[in-house]
Amino acid sequence: VIASFCKRLCRTCVCGGVPPSGSLFVLALVSNLLRRHGECACLVHRHVYNKSSKDKGNKKNDNDDNGMIMDVFDNETNDPAKSRALESSLWELDALEKHYHPAVSALAKTCGTEDNKT
């Protein structure tokens, strides 16, 4: 349920036209949730590659995913437990790292990398 909540919040920041102040609030909240719920850490540390069969023999770009990530998260479901959030990743953090506002970009880069000592 927490993973689904984090995914929806981050997706809203990326797709919803949220102002930088709102994005900073969401990133701080998601960072705290990820810190308190260790089972959600897989969302940040999972790397998902969607390779087609023709790319498998390509030695030069083994990790080439053509810029596309297959996200199994179901944003349309009303039941957070059925949204498959834990099978997904927080790719939205990568997008927010490229945000035009430097504070949002900096906070997105540190989100999920903190330890429990802070």
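Residues numbered from 1 in each chain as written. Predicted model: local features only at pLDDT ≥ 70, side-chain atom pairs only at ≥ 80, totals over all residues. Heavy atoms only, no water.

*Asks:* Go over the overall build of the chain, please, and point to the residues and values.
*Replies:* Within the chain, the secondary structure is distributed over 5 helices and 0 strands. Counting from the amino terminus, helix and strand elements in the chain follow one another as α-α-α-α-α. Burial status across the chain gives 31% buried among its 118 residues. Residue pairs in contact within the chain that sit at least 24 positions apart in sequence constitute 66% of those at least 6 positions apart. Of the roughly 7500 Å² of accessible surface on the chain, a fraction of 54% belongs to carbon and sulfur atoms. (Helix = DSSP H or I, 4+ residues; strand = E, 2+ residues; numbered from the N terminus. Buried < 20%, exposed > 50% of the residue type's maximum accessible area, 1.4 Å probe, protein only. Contact = heavy atoms within 4.5 Å. Areas by Shrake-Rupley, 256 points an atom, 1.4 Å probe, with all protein chains shown as cover.)

*Asks:* Give a detailed account of the side chain of Ser-105, specifying residues and quantitative values.
*Replies:* Turning to its location among the elements, Ser-105 is positioned in helix 5 (residues 102–110). Judged by relative accessible area, Ser-105 falls into the buried class, the value being 9%.

*Asks:* Can you explain the environment of Val-44? Please cite residues and give values.
*Replies:* Note on placement: Val-44 falls in helix 3 (residues 42–45). In this structure the C-alpha to C-alpha distance between Val-44 and Leu-34, which are 10 residues apart in sequence, comes to 8.8 Å. Apart from the residues within four sequence positions on either side, Val-44 is in contact with Leu-34, Leu-90, Leu-93, Cys-111 and Gly-112.

*Asks:* So what's going on with helix 1 (residues 2–15)? Which residues, and what values?
*Replies:* The α-helix winds at 3.6 residues per turn, so residues separated by three or four positions along the chain end up facing the same way. Between its terminal C-alpha atoms helix 1 stretches 20 Å, which fits the 20 Å expected from 14 residues at 1.5 Å a residue. Those residues of helix 1 not exposed but buried are Ala-3, Ser-4, Cys-6, Lys-7, Leu-9, Cys-10, Arg-11 and Cys-13. Backbone geometry just downstream of helix 1 places Gly-17 in the positive-phi region, at approximately 70°. (Expected span 1.5 Å × (residues − 1).)

*Asks:* So what about the packing of helix 2 (residues 20–36) against helix 5? Which residues, and what values?
*Replies:* At their nearest, the axes of helix 2 and helix 5 sit 9 Å apart, and the two run at 15° to each other. Classified by the interaxial angle, the pair formed by helix 2 and helix 5 is roughly parallel. Both helix 2 and helix 5 take part in a crossing whose hand is left-handed. Residues Pro-20, Ser-23, Leu-24, Leu-27 and Ala-28 of helix 2 touch helix 5, and the partners they reach there are Ala-103, Val-104, Leu-107 and Ala-108. Of the residues that constitute the contact of helix 2 with helix 5, the class distribution is 8 nonpolar, 1 polar and no charged. (Axes fitted to C-alpha atoms, helices over the stretch in contact; angles between N-to-C directions. Parallel < 35°, antiparallel > 145°, perpendicular 65-115°, else oblique. Left-handed = near helix turned anticlockwise from the far one by under 90°. Nonpolar A, V, L, I, M, F, W, Y, C, P; charged D, E, K, R; others polar.)

*Asks:* Pulling in residues and values, what's your account of the pattern of salt bridges?
*Replies:* Under the defined criterion, the tally for this structure stands at 5 salt bridges. A salt bridge links Asp-71 to Arg-11, with the nearest nitrogen and oxygen atoms 2.5 Å apart. Of this pair, Asp-71 sits in the loop between helix 3 and helix 4 (91–96) while Arg-11 sits in helix 1, and the two are 60 residues apart along the sequence. Looking at Asp-71, the relative accessible area reads 23%, which means it is partly exposed. Taking relative accessible area as the criterion, Arg-11 reaches 16% and is therefore assigned buried. One salt bridge in this structure joins Arg-11 and Glu-92, with 3.4 Å as the shortest N-O distance. Highlighted residues: Arg-11 in helix 1 and Glu-92 in helix 4, separated in sequence by 81 residues. What you see here is one network of salt bridges that share partners, running through Lys-7, Arg-11, Asp-71 and Glu-92. (Salt bridge = Lys/Arg side-chain N within 4 Å of Asp/Glu carboxyl O.)

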